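Chain by chain, the residues run as shown.
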Amino acid sequence: MQFIWDNLAAVVITSTVVLLLLASRERMLEAQIEQTANSYIRSQSTAFASWMEENLLQMGDRLPDENPLVELTNKDYTVITEGGGTRTVNLTRRFVFQQKVQDPADTTQTIKMRTMYRLDSLQTRTIEGDSIPIFKLVRWDSLAKPSATYQRVAESPTLISYFKVEMLDQCGRTIPTSKTCNGAPTINSPPENCVEDPTPPGSQCDSDDIYDMRVRFAMVTPFDTDRETLREVYYGSTLLLPFGGSSNSTTNN
């Protein structure tokens with residue numbers, strides 16, 4: 001009888017030790033997965049922000065007498081909240097600008113080029129109980145030639161949860177979309193001379209109001225774990241456009 005009890009005690013102790021080792025191993029694996037996901041999303045967001053910022057700073061290059069903003073279209077998307085309700089988030093669906101570049105066929109000449117950023121590949125992810133739309137942001141370029149079409153140049157991972165582009169005047173006010181802006185993109189007064197804008201909301205504005213551009217986006221991690229602490233990486237940058245006074249930028253991550 002004592003032999004049986006001794007064996008039962010040994011089995012219980014061994015099972016407890018094995019369970020503890022398995023639980024410890026599972027926690028270590030989750031920690032490694034989370035570390036990998038965090039490292040991936042940080043590197044991807046940094047690389048994506050770098051090439052996008054470099055490209056956006058070329059907006060209006062060599063176009064002193066034209067409006068560089070071609071299209072800025074926003075769209076509302078639905079987020080399903082944890083309690084079953086809904087809310088909307090306003091994102092930039094399409095953003096198109098133009099510049100002049102060296103003509104590939106004749107390097108002594110310049111040619112107009114349009115660049116388009118567009119949100120594609122709608123998916124959904126559950127982040128902290130909310131079901132949110134996830135996108136891929138694709139960049140397209142088109143040279144101003146007969147029958148020219150847009151060519152895909154670059155794209156982000158399908159992890160974009162937020163993307164918003166806003167044109168700002170020299171006082172930091174948001175400018176209406178390209179449908180209500182026109183005129184030459186020149187800046188005639190320094191920012192310190194800013195005064196309250198007397199123009200009623202929704203009225204037409206001149207493109208010389210465009211002084212800088214605010215770009216914000218967020219990326220989610222490629223996969224989830226139960227213990228995950230970092231779920232989204234946020235990026236924001238205010239770019240002082242060349243025709244607005246400077247090609248420098250102020251960035252916050």
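Quick caveat, the model's predicted, so the values are computed rather than measured.

What counts, and at which threshold
Residues numbered from 1 in each chain as written. Predicted model: local features only at pLDDT ≥ 70, side-chain atom pairs only at ≥ 80, totals over all residues. Heavy atoms only, no water. Buried < 20%, exposed > 50% of the residue type's maximum accessible area, 1.4 Å probe, protein only. Helix = DSSP H or I, 4+ residues; strand = E, 2+ residues; numbered from the N terminus. Pairing = 2+ DSSP bridges. Lys, Arg positive; Asp, Glu negative; His and termini not counted. Salt bridge = Lys/Arg side-chain N within 4 Å of Asp/Glu carboxyl O. Contact = heavy atoms within 4.5 Å. Polar contact = N/O pair within 3.5 Å; in protein donor to acceptor, adjacent residues only side chain to side chain. Phe/Tyr/Trp six-rings, centres within 6.5 Å; stacked < 30°, edge-to-face > 60°. Core = buried A, V, L, I, M, F, W, Y, C linked by side-chain atoms within 4.5 Å. 1 Å grid on protein atoms, 1.4 Å probe; cavity = no way out; pocket = protein on both sides within 12 Å on 5 of 7 lines; lining within 4 Å. Points joined across faces, edges and corners; volume = space filled by probe spheres on them. Nonpolar A, V, L, I, M, F, W, Y, C, P; charged D, E, K, R; others polar. pLDDT = per-residue confidence, 0-100.

Chemist: Hey, could you go over the pairing of strand 9 (residues 212–220) for me, with residue numbers and the actual values?
Modeler: Most of strand 9 is tucked away, with 7 of its 9 residues classed as buried. Note: strand 6 (residues 160–168) against strand 9, 8 bridges, orientation antiparallel. Opposite Glu166, over in strand 9, you have Arg214 as the bridge partner. In this structure, strand 9 lies alongside strand 10 (residues 232–240), joined through 9 bridges in antiparallel fashion. Bridge pairing in strand 10 places Ala218 opposite Tyr234.

Chemist: Tell me about the side chain of Lys164, and name the residues and values.
Modeler: Along the chain, Lys164 falls in strand 6. Although buried, Lys164 forms no salt bridge, and the nearest oppositely charged side chain, Glu166, lies 4.4 Å from it.

Chemist: Outline the environment of Thr115, supporting the account with residue identities and numerical values.
Modeler: Mapped onto the secondary structure, Thr115 falls in strand 3 (residues 106–127). Given a relative accessible area of 0%, Thr115 falls into the buried group. Residues Thr115 and Met59, spaced 56 residues apart in sequence, show a C-alpha to C-alpha distance of 8.8 Å. Every residue in contact with Thr115, bar those within four places of it in the chain, is listed here: Asn55, Phe95, Val96, Phe97, Gln99, Arg139, Trp140 and Asp141. Looking at Thr115, its side chain comes within polar contact range of the side chain of Asp141, at 2.9 Å.

Chemist: Residues and numbers for the packing of aromatic side chains, please.
Modeler: Centre-to-centre distance and the angle between the planes together describe a pair of aromatic rings. Evaluation of the coordinates by the stated rule reveals 6 aromatic pairs. Between Trp51 and Tyr117, the ring centres sit 6.4 Å apart and the planes meet at 15°, which makes this aromatic pair stacked. Note that Trp51 is positioned in helix 1 (residues 2–56) and Tyr117 in strand 3, a separation of 66 residues in sequence. Put simply, the rings of Phe48, Trp51, Tyr117, Phe217 and Tyr235 pair up and form one aromatic cluster.

Chemist: How would you explain the nonpolar core if you had to name every residue and give the values?
Modeler: Counting residues in each nonpolar core, the largest one holds 39 residues, and the members touching the most others are Phe95, Met167 and Met213. Every element with two or more residues in this core is listed here: helix 1, strand 1 (69–80), strand 2 (86–103), strand 3, strand 4 (130–143), strand 6, strand 9 and strand 10. Among all residues touching Phe95, those that are not within four sequence positions of it are Leu56, Met59, Leu69, Glu71, Leu72, Thr115, Met116, Tyr117, Val165, Met167 and Met213.

Chemist: Please set out the layout of surface pockets residue by residue, giving values where relevant.
Modeler: Quantified by volume, the second largest pocket comes out at close to 250 Å³. Taken together, 15 residues form the lining of the second largest pocket, with Arg87, Ile132, Ser161, Glu232 and Tyr234 sitting closest to its centre. The set of elements that each furnish at least two residues to the lining of the second largest pocket consists of strand 2, strand 4, strand 6 and strand 10. Of all the elements, strand 4 adds the most residues to the lining of the second largest pocket, at 3 residues. Classifying every residue of the lining of the second largest pocket gives 8 nonpolar, 2 polar and 5 charged.

Chemist: So, the pattern of salt bridges: which residues are in play, and what are the values?
Modeler: Between side chains of opposite charge, a pair can form when the charged atoms approach closely. On inspection of all chains with the given rule, the structure shows 9 salt bridges. Ionic pairing is found between Glu71 and Arg94, a salt bridge with its closest N-O pair at 3.0 Å. Highlighted residues: Glu71 in strand 1 and Arg94 in strand 2, separated in sequence by 23 residues. Exposure remark for Arg94: the relative accessible area of 26% places this residue in the partly exposed category. Between Arg118 and Asp120 there is a salt bridge, with the nearest N and O atoms lying 3.0 Å from each other. Assessed through its relative accessible area of 15%, Asp120 is described here as buried.

Chemist: Describe the confidence of the model for the protein chain, and please don't skip the residues or the numbers.
Modeler: The share of residues in the protein chain with pLDDT of 70 or more is 64%, and the mean pLDDT across the chain is 75. Predicted confidence in the protein chain is weakest over strand 11 (residues 249–252), with a mean pLDDT of 38, and strongest over strand 4, with 92. Throughout residues 178–195 the model reports pLDDT below 50, and contacts reaching past four residues in sequence, or to other chains, amount to 46 contacts. Confidence drops under pLDDT 50 across residues 245–253; counting only partners more than four residues distant or on other chains, this segment forms 24 contacts.

Chemist: Can you lay out the side chain of Asp130 for me, pointing to particular residues and giving the numbers?
Modeler: Along the chain, the position of Asp130 falls in strand 4. Accessibility expressed as a relative area gives 17% for Asp130, which makes it buried. Separated by 3.0 Å, the side chain of Asp130 and the backbone nitrogen of Glu82 make a polar contact. In terms of polar contacts, Asp130 uses its side chain to reach the side chain of Arg87, at 3.5 Å. Beyond its immediate chain neighbours, meaning those up to four positions away, Asp130 contacts Val79, Ile80, Thr81, Glu82, Arg87 and Arg125.

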